[in-house]
Amino acid sequence: MGRKNIKIGLFGFGCVGFGLYEALQKTPSLKTNIKRICVKTKNKQRPILNEHFTFDKNEILFDNEINTVVELIDDADAAFEIVKTALQNGKAVVTANKKMIAEHFTELLDLQKKHNVPLLYEAACCASIPIIRNLEEYYDNDLLESIEGIVNGSTNYILTNTSLKNISYNEALKEAQEKGYAETNPLLDVAGFDAKYKLIILIAHAFGIVTSPENVFNIGIDKLGELELNYAKEKGYKIKLIAFAEKKEDGKIVSFVLPKFINKNDKLHSIDDVFNAVKTKSYFSDTQFFIGKGAGAYPTASAVLSDISALTFDYRYEYKKLNNVDSLENDNKVFLKILLRYDLNSIDELKDYFIELNESYQNFNSGYIIGVISLKRLKFVSTISNISVVLFDVVKQVEFVNKRNLNKSLEVA
Ligand code: HSE
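No experiment lies behind these values; they were computed from the predicted model shown. (Residues numbered from 1 in each chain as written. Predicted model: local features only at pLDDT ≥ 70, side-chain atom pairs only at ≥ 80, totals over all residues. Heavy atoms only, no water.)

Draft legend 1. Local environment of the site of the ligand. Lining the immediate environment of the ligand, one finds Lys-98, Asn-152, Gly-153, Ser-154, Tyr-181, Ala-182, Glu-183, Asp-189, Asp-194, Lys-198, Gly-294 and Ala-295. For the ligand, an oxygen atom lies 2.7 Å from a polar atom in the backbone of Gly-153. For the ligand, a nitrogen atom lies 2.6 Å from a polar atom in the side chain of Glu-183. With the chains in place, 94% of the 250 Å² that the ligand exposes on its own is no longer accessible. One can see that the ligand is located within the largest pocket. Of all the secondary structure elements, the ones that give two or more residues to the shell around the ligand are α7 (153–164) and α10 (193–207). Split into classes, the residues belonging to the shell around the ligand amount to three nonpolar, four polar and five charged. (Near = heavy atom within 4 Å. Polar contact = N/O pair within 3.5 Å; in protein donor to acceptor, adjacent residues only side chain to side chain. Areas by Shrake-Rupley, 256 points an atom, 1.4 Å probe, with all protein chains shown as cover. 1 Å grid on protein atoms, 1.4 Å probe; cavity = no way out; pocket = protein on both sides within 12 Å on 5 of 7 lines; lining within 4 Å. Sits in = over half its atoms within 2 Å of the grid points. Helix = DSSP H or I, 4+ residues; strand = E, 2+ residues; numbered from the N terminus. Nonpolar A, V, L, I, M, F, W, Y, C, P; charged D, E, K, R; others polar.)

Draft legend 2. A look at the packing of helix α1 (residues 15–25) against helix α12 (residues 297–312). Running from N to C, α1 and α12 point in directions that differ by 60°, and their axes come no closer than 8 Å. Taken together, the axes of α1 and α12 are oblique relative to one another. For α1 against α12, the interelement crossing comes out right-handed. Across from Cys-15, Val-16, Gly-19, Leu-20, Glu-22, Ala-23 and Leu-24 in α1, the residues of α12 making contact are Ala-297, Tyr-298, Thr-300, Ala-301, Val-304, Leu-305 and Ile-308. Grouping the constituent residues of the contact of α1 with α12 by class yields 11 nonpolar, two polar and one charged. (Axes fitted to C-alpha atoms, helices over the stretch in contact; angles between N-to-C directions. Parallel < 35°, antiparallel > 145°, perpendicular 65-115°, else oblique. Left-handed = near helix turned anticlockwise from the far one by under 90°. Contact = heavy atoms within 4.5 Å.)

Draft legend 3. Structural view of a negative patch on the surface. Residues Asp-74, Asp-75, Asp-77 and Glu-81 make up a contiguous surface patch of negative charge. Checked against the element boundaries, Asp-77 lands in helix α3 (residues 76–88). (Patch = residues over 30% accessible without salt bridge, like charges linked within 9 Å, V, L, I, M, F, W, Y side chains within 5 Å. Salt bridge = Lys/Arg side-chain N within 4 Å of Asp/Glu carboxyl O. Lys, Arg positive; Asp, Glu negative; His and termini not counted. Charge placed at Lys NZ, Arg CZ, Asp CG, Glu CD.)

Draft legend 4. Up close: the layout of surface pockets. Considering only enclosed or pocket space, the largest pocket measures out at about 1300 Å³ in volume. The wall of the largest pocket is formed by 48 residues, among which Leu-72, Ile-73, Asp-74, Asp-75 and Thr-184 lie closest to the centre. Taken together, domain 1 (6–124) and domain 2 (131–292) each give at least three residues to the lining of the largest pocket, which thus spans both. Counted as a void, the second largest pocket has a volume near 890 Å³. Phe-244, Glu-246, Asp-393, Val-394 and Lys-396 are the residues nearest the centre of the second largest pocket, which is lined by 33 residues in total. Elements that contribute at least two residues to the lining of the second largest pocket include exactly β7 (144–150), β9 (238–247), β10 (253–262), β11 (275–282) and β16 (387–395). (Points joined across faces, edges and corners; volume = space filled by probe spheres on them. Domains from an automatic or database assignment.)

Below you can see the structure in the form of C-alpha cells.
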C-alpha cells in the first residue's frame, strides 16, 4: 500500500511544537513537511526563520494544499475552534490537547463522522506510551476489566523529587515547569484535572463510554501535607496520583483520580520522575503494564509523529466499542478506603460520613481518619471542608468489617 503525502499546517511552536519540528527533520523517510506554522505572539525570537510563520489561522485552515492540521496550542477553547474548522474543511487533525478532547468528545466524534476525516490524539494521553492505539486495536476483543495508572508526568516528578531529594513542593513544581512538563496553568496538573481529562479519553477507548469532566471526581496532590507523606514513609509506601477506571460485573464504570498509597509489591511503586505507567487488566491477557515518559518535548512529539505516520496509511480510530450502553456507576455504590486529614475548622462530625472506621486521631488543630467512605459522601465532604485525601484501595461492600452508618440517612446518602 502506498503512503499518502502529508502536508502539515502546524498550530503552536512551544515546547512540543518545536520538538515535533526537530523530530520531523530527523525522519525524512516520512516524506512529510510542514507548510506553515501559526503562532500567537508576533515579536518573539524563534529558532527558525520568520518566513515559516503566520499569525492568521485561516492561512492554514483554508489552504487547500494542507491536508493535515497538527494542533499543539495551549488554549483548549481556541484549539477546539481550530480543530472544528479543520475537520469541517476535510483536513485530518492530530492534537495533543486532552482538555479540549475531554470537554468536546461527543462533538468531535460527530465531526469526524460527518466530514469523514480522522482525528488522532495519541499524544494527549501519557505522551510517549502508545496507550490509545493499544486500547483501540489490541483490546478490540479481549474484555477489559480495569485501567489504573500514573498519567501525569508533572505530579509524579513533584512527588518523586519532594520525597527522594527533599526539595520543597514549590521548587519541584518550578523544575517541572522549567523542564516543559507542566501545563501553563499548573493547577490543571497538581489538582488532578489533567489526569482526569486523560482518564476520560482512556475510558472512551477502553470501555466505549463517553463521559464529561464533571462526572469524574478528582482530587490532586496540592493539598497533601506532612502527615500523609510521613505516614507513607513509615509504612514503606509511595504516594502517586492515580487515574482509575474499572468495569463492574453489571457493566457500570467506577472512575476517579486520587492520590494513592502504593506499596512495594505494586508495579506502580517504581515509576518515578516524569514517567507514566498504565496497568490494564483484562479477561484473557490478565495484567499488562505500559511504561514511558509522560511529558516533555520529545516524548510528546514522538506520539504526534507516530500519529502523522499513521495518517500516511489512512489510519483512523474506529471507536468500535462505542455502542455499548454501559454507564458510570452510581457514586453511592462506590466505596473507598482512605486516609482523610482535616483541620479543625472543618465540620465536626466527619466521622459520621464513614461507613467503616479503622483509625482516627485529633489534636488541637487537625486530625485524621482512616476508614471506608462512599464516593458520594467523599465528594460532598470535599466541598464543605478543607481536607486532604489519600486512597488505600477501592473496597467491595462485602469486605466491610464494622459497618456503620450504611443505612443512616445522612444528608448526602
Ligand atoms: N502537564 C502534562 C503532564 C503534560 O505533566 O503530564 C503531558 O500531558
